[in-house]
Amino acid sequence: MEKKRIHLMVPAMYSGGQERVVSRLTSILKETYEIRVVLFDQTIMNYPLECEFYSLDLPSREGNPVLSKLIMVLRRIRKVRELIKKDRPFASLSFGHGANIVNVAACAGLCPSIVSLRGYESLLRLRRGMGVADRLLIRKAGKIICVSQAMADELADMIPEAKNRIDVLYNAYDPVEIKTLAEQPTEMEAWFTGKTVLITVGTLAPVKGYWHLIKAFSLLKKKHPELKLLHVGPDYSGYGVKLKKLAEDLRLGTEIRFLGYRDNPYQYMARSQMFLLSSITEGFPNALVEAMACQIPVIAADCKTGPREILSNDYHTKATGGIELGDFGILVPAMTGREDYDPGNIEACDQMLAEAADMLLRDQAMAKHYAEKARERAADFSYAVFKEKIIRIIEQ
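Keep in mind that what you see is a predicted model, and the values were worked out from it rather than measured.

Cut-off values and rules
Residues numbered from 1 in each chain as written. Predicted model: local features only at pLDDT ≥ 70, side-chain atom pairs only at ≥ 80, totals over all residues. Heavy atoms only, no water. Pairing = 2+ DSSP bridges. Helix = DSSP H or I, 4+ residues; strand = E, 2+ residues; numbered from the N terminus. Contact = heavy atoms within 4.5 Å. Axes fitted to C-alpha atoms, helices over the stretch in contact; angles between N-to-C directions. Salt bridge = Lys/Arg side-chain N within 4 Å of Asp/Glu carboxyl O. Buried < 20%, exposed > 50% of the residue type's maximum accessible area, 1.4 Å probe, protein only. Phe/Tyr/Trp six-rings, centres within 6.5 Å; stacked < 30°, edge-to-face > 60°.

## A few points about the sheet that holds strand β9 (residues 227-232)
Strand pairing within a sheet occurs via backbone hydrogen bonds; the two strands may be parallel or antiparallel.
And then number 1: In space, the seven strands of this open sheet follow the order β10-β9-β8-β11-β12-β14-β13, with mixed pairing throughout. Each edge of the open sheet carries a strand with a single partner, namely β10 (256-258) and β13 (324-325).
And then number 2: Along the sheet, helix α9 (residues 210-223) contacts β8 (196-201), β9, β10 and β11 (274-277); its crossing angle with β9, the most-contacted strand, is approximately 165 degrees.

## Let's talk about the pattern of salt bridges
And then number 1: Taken as a whole and assessed by the stated rule, the structure comprises 31 salt bridges.
And then number 2: Its salt-bridge partner being K208, residue E282 comes within 2.9 Å of it at the nearest N-O pair. Of this pair, E282 sits in the loop between β11 and α12 (286-293) while K208 is found in the loop between β8 and α9, placing the two residues 74 residues apart along the sequence.
And then number 3: The exposure class assigned to E282 is buried, which follows from its relative accessible area of 11%.
And then number 4: Linking E324 and R308 is a salt bridge whose minimum nitrogen-to-oxygen distance equals 2.8 Å. Placement of the pair is E324 in strand β13 and R308 in helix α13 (residues 307-311), with a sequence separation of 16 residues.

## Here we look at the packing of aromatic side chains
And then number 1: For the coordinates displayed, the defined rule picks out eight aromatic pairs.
And then number 2: When the ring of Y14 is compared with that of Y236, the centres are 5.4 Å apart and the planes differ by 70 degrees; the resulting orientation is edge-to-face. Note that Y14 is positioned in the loop between β1 (5-10) and α1 (17-28) and Y236 in the loop between β9 and α10 (240-249), a separation of 222 residues in sequence.
And then number 3: Residue class for Y14 comes out partly exposed when judged on its relative accessible area of 30%.
And then number 4: Using a relative accessible area of 43% as the deciding quantity, one classes Y236 as partly exposed.
And then number 5: For the pair F284 and F381, a centre-to-centre distance of 5.3 Å together with 75 degrees between the ring planes defines the contact as edge-to-face. Separated by 97 residues along the polypeptide, F284 in the loop between β11 and α12 and F381 in the loop between α15 (364-378) and α16 (383-395) bring together distant segments of the chain.
And then number 6: Each residue in the set Y170, Y173, F284 and F381 is aromatic and connected to the rest through ring pairs, giving one cluster.

Below, the structure is given as structure tokens:
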């Protein structure tokens, strides 16, 4: 029996969460569907694809004026419509704001479109004045996938008529594969030896709130001079310069290591004593669950959205005002969103993050407990559950 063809659309294969999901989908769904990935730009391929792909060769360019951006969107829509007419996919799934807009417009009258809202920033964009056109387009999507229940609830309130077309699909992970990769040696074995390492993983960008983490680390160093902080993740925009200067201003230049992008972050996670997430907003943070799969305790800012649903059995609970010992990890109050690189300005949220980490460092029994609960929780987000639900969404 001939397989149905499915399009997966994403701007480029950057080393981010949505790109990782697309990469995994090409593996998870290849036995069920004939998959084709549609890229705006093929020059960046940081994750493998287990299928053929099409490139529109229409990459994004930072700083383009509004008119130029609009023309680029229209060119993408035209090329995708031509591709859909030729390829005749059963459905087209898109990932990320730009891809969602192109997908819904290009699929109109040709095939069902399924859009995926990956981060809370997507909802903030829809709320803003410029989001009116976006909301009109999203209303036309056949299905809308949110990566957290909290996001789905807010979207249903924003667009009530779309409520029955909204689905929640948590990201999927393979604990066995992560464990295998975590056991591989690093090029930094000597650096890890005899040190207490705190780790964070993610793209260097303001939304990750890393200035809060660096300031919290500066407080921790006063109590735990042996500590080191390791960051793993890419720096596409050069934003890391600000963070490195803050580290130098706090006299932490040799205590914080920015490793850059790595194909296998798990080997560094597994050798660390704790994972910290300081994001201003998230969607469903991959790195948090992956660290949990590496069986290390985690502390996360109670931001919108994702951390609470991952670390607590009741995501409806009001955001924490202090240190909350969750079911599977520790939550601290949300970080403030205003960028602040003044080394002398320590905020209450920085202090709370440092206090939570200090508590785990001093209480080995608690750290061991949360390491085990982390591994247990990570197993809930399996490929099998993910595959069953994504197929149901597509077939509907």
